[in-house]
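# Tertiary structure, described
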Amino acid sequence: MAQSIFLSASVKPQLSFKVEFRAKRLEKLLDTPARIYYKYEGGSPAGSHKPNTAVPQVWYNAHQGVKNVVTETGAGQWGVRWLLRAACLISTVWQVRASYDQKPYRKLMMQTWGAKVHPSPSNITQAGRKILENDPSSPGSLGIAISEAVEVATKNADTKYCLGSVLNHVLLHQTVIGEECIKQMEAIGETPDVIIGCTGGGSNFGGLAFPFIREKLSGKINPLIRAVEPAACPSLTKGVYAYDYGDTAGMTPLMKMHTLGHDFIPDPIHAGGLRYHGMAPLISHVYELGFMETLAIAQTECFAGAIQFARSEGLIPAPEPTHAIAATIREALHCRETGESKVILMAMCGHGHFDLPAYDKYLQGGLVDLSFSEERIKASLANIPQPGLKQTV
Ligand SMILES: *Cc1c(COP(=O)(O)O)cnc(C)c1O
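Residues numbered from 1 in each chain as written. Predicted model: local features only at pLDDT ≥ 70, side-chain atom pairs only at ≥ 80, totals over all residues. Heavy atoms only, no water.

As annotated in an unreviewed UniProt entry, the chain carries the name tryptophan synthase and is attributed to Rehmannia glutinosa. Checking UniProt for the chain, the heading Sequence similarities (unreviewed entry) contains the comment "Belongs to the TrpB family." (UniProt positions renumbered as here; feature names shortened; annotations may be inferred.)

Laid out in structure tokens, this is it:
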């Protein structure tokens, strides 16, 4: 794109799809003195940051002689990326029902790469059957899909479970984003004042922010670090910091994290990758230490921002990074008021080519902000285990 700065000099050949752009035309549209940069992860074969962790996870499993791998996927992005590498193994994916129905093309990509894809909740597992008994039309959630995949892994000795976000090793793999970005910003003599990313489980945000937090702690730079979550699933802004399960059935080890309660089932917003009840323990810890701030934005504002972004930058974002875009636009408009020429760096973690029905809905005026129920959160928070009462391995 002619208006963008393309910086690939410091990028290794196999990672050359990870580029950084300056959003000059968006700046102009917003009439802001801020300089907006975004790190784009949508150039991978299926369009997001997920291969950064899918590749090493499947590689280690293959080298250990594992024959089957199972996983879950919320919006289909993780499933798709992961399968890209797992093609050599037998793989099964539980895709959250809402996204299985909304996003048939991601399902088809996974099947093309050789996976078995089940909608979750399914009647294949005990965890899925239990949910379906109570609600036969359950839209599912990442928490339920994880339970199903973990259940299958625990019952089969030759099968291992892989997770696409939340866990320490996933965030570690994703720091390649921030490490590259530090080099790319240095190469053009820019220092970010504000770093913004969307958080589902926290991996693209942590991947971008953590290397910058390291630089911040060493006193070299002092950016504000800001995570954006959906108003319909606000684990950081409305959840509690407690030991909780990573899945709905309570099969995972307890993790200390910001959580809405493991049996919280978020409304089926289009940003399926952000429909997770918890937050990465590492992000939760960093948040508790005060190294970052958070805000929650509802989906209509996010899609309005995505349209501005698409019409100025040419890229159609996945519904998840529209949250980062909306927060970036808020910051840029604030700069317009104050006259500050801040440098904003944003994680544009995937494209939305398979999410066009969501855009269709928005453009037809049918996309609404799903009402957010304090009561439902209260009910699920009541089911968080008391530490010490039940220990898992
Ligand atoms: C999976 C995914 C997310 C949410 O996961 P994080 O671990 O929070 O990054 C966000 N955006 C895209 C494009 C995704 O594929």
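### Some details on the overall build of the chain
The helix and strand tally for the chain stands at 15 helices and 12 strands. Looking at the chain as a whole, 59% of its 393 residues qualify as buried. Contacts spanning at least 24 positions in sequence make up 72% of the contacts within the chain whose residues lie at least 6 apart. Of the roughly 15,700 Å² of accessible surface on the chain, a fraction of 55% belongs to carbon and sulfur atoms. (Helix = DSSP H or I, 4+ residues; strand = E, 2+ residues; numbered from the N terminus. Buried < 20%, exposed > 50% of the residue type's maximum accessible area, 1.4 Å probe, protein only. Contact = heavy atoms within 4.5 Å. Areas by Shrake-Rupley, 256 points an atom, 1.4 Å probe, with all protein chains shown as cover.)

### Comments concerning the state of the cysteines
Tallied over the full model, the rule gives 0 disulfides. With no disulfide of its own, Cys302 lies closest to Cys198 among cysteine sulfurs, the gap being 9.3 Å. (Disulfide = S-S within 2.5 Å.)

### Comments concerning helix α2 (residues 51-63)
Here α2 spans 18 Å end to end across 13 residues, near enough to the 18 Å set by a 1.5 Å rise per residue. Listed as buried for α2 are Pro51, Asn52, Thr53, Ala54, Pro56, Gln57, Val58 and Asn61. (Expected span 1.5 Å × (residues − 1).)

### Here's the deal with the packing of helix α9 (residues 203-217) against helix α11 (residues 281-288)
Between α9 and α11, the least distance of the axes is 11 Å, while the angle of their chain directions is 45°. Between α9 and α11, the crossing angle belongs to the class labelled oblique. The way α9 lies across α11 gives a crossing that is left-handed. Residues Phe205, Gly206, Phe210 and Ile213 of α9 pack against Leu282, Ile283 and Val286 of α11. Taken together, the residues of the contact of α9 with α11 sort by class into 6 nonpolar, 1 polar and no charged. (Axes fitted to C-alpha atoms, helices over the stretch in contact; angles between N-to-C directions. Parallel < 35°, antiparallel > 145°, perpendicular 65-115°, else oblique. Left-handed = near helix turned anticlockwise from the far one by under 90°. Nonpolar A, V, L, I, M, F, W, Y, C, P; charged D, E, K, R; others polar.)

### Here we look at the site of the ligand
Residues in close proximity to the ligand total 17 residues, the closest being Lys50, Ser165, Gly200, Ser203 and Asn204. Here an oxygen atom of the ligand sits 3.0 Å away from a polar atom, N or O, in the side chain of His49. The separation between an oxygen atom of the ligand and a polar side-chain atom of Lys50 is 2.6 Å. For the ligand, whose free accessible area comes to 380 Å², the fraction covered by protein is 97%. (Near = heavy atom within 4 Å. Polar contact = N/O pair within 3.5 Å; in protein donor to acceptor, adjacent residues only side chain to side chain.)

### Here we look at the packing of aromatic side chains
This structure, assessed with the given rule, holds 7 aromatic pairs. Pairing Trp59 with Tyr60 gives two aromatic rings, centres 5.1 Å apart and planes at 85°, and the pair type is edge-to-face. Ring geometry for Phe303 versus Tyr359: centroids 5.2 Å apart, planes at 70°, classification edge-to-face. Residue Phe303 is located in helix α12 (residues 299-313), and its partner Tyr359 is located in helix α14 (residues 356-363); the two are separated by 56 residues in the primary sequence. For the pair Phe303 and Tyr359, a shared accessibility class is recorded, and that class is buried. Put simply, the rings of Phe21, Tyr38, Tyr40 and Phe309 touch in pairs and so form one group of aromatic residues. Geometry around Tyr100 places Lys107 over its ring, the cationic atom sitting 4.2 Å from the centre. (Phe/Tyr/Trp six-rings, centres within 6.5 Å; stacked < 30°, edge-to-face > 60°. Lys NZ or Arg CZ within 6 Å of the ring centre and 35° of its normal.)

### Observations concerning the environment of Thr248
Note on placement: Thr248 falls in the loop between β9 (240-245) and β10 (254-259). Separated by 102 residues in sequence, Thr248 and Ile146 have C-alpha atoms that sit 7.7 Å apart. For Thr248, the residues in contact, after removing those within four places along its chain, are Ile131, Ser141, Gly143, Ile144, Ser147, His262 and Asp263. Within the structure, the side chain of Thr248 is placed 3.0 Å from the backbone nitrogen of Ile144, a separation counted as a polar contact.

### Points about the side chain of His270
Checked against the element boundaries, His270 lands in the loop between β10 and α11. Discounting residues that sit within four places of it in the chain, His270 has contacts with Gln102, Lys103, Gln299, Phe303, Pro319, Ala358, Lys361 and Leu367.

### A closer look at the environment of Gly365
Along the chain, Gly365 falls in the loop between α14 and α15 (374-381). Accessibility expressed as a relative area gives 61% for Gly365, which makes it exposed. Counting along the chain gives 65 residues from Gly365 to Thr300, while the straight-line C-alpha distance between them is 9.7 Å.

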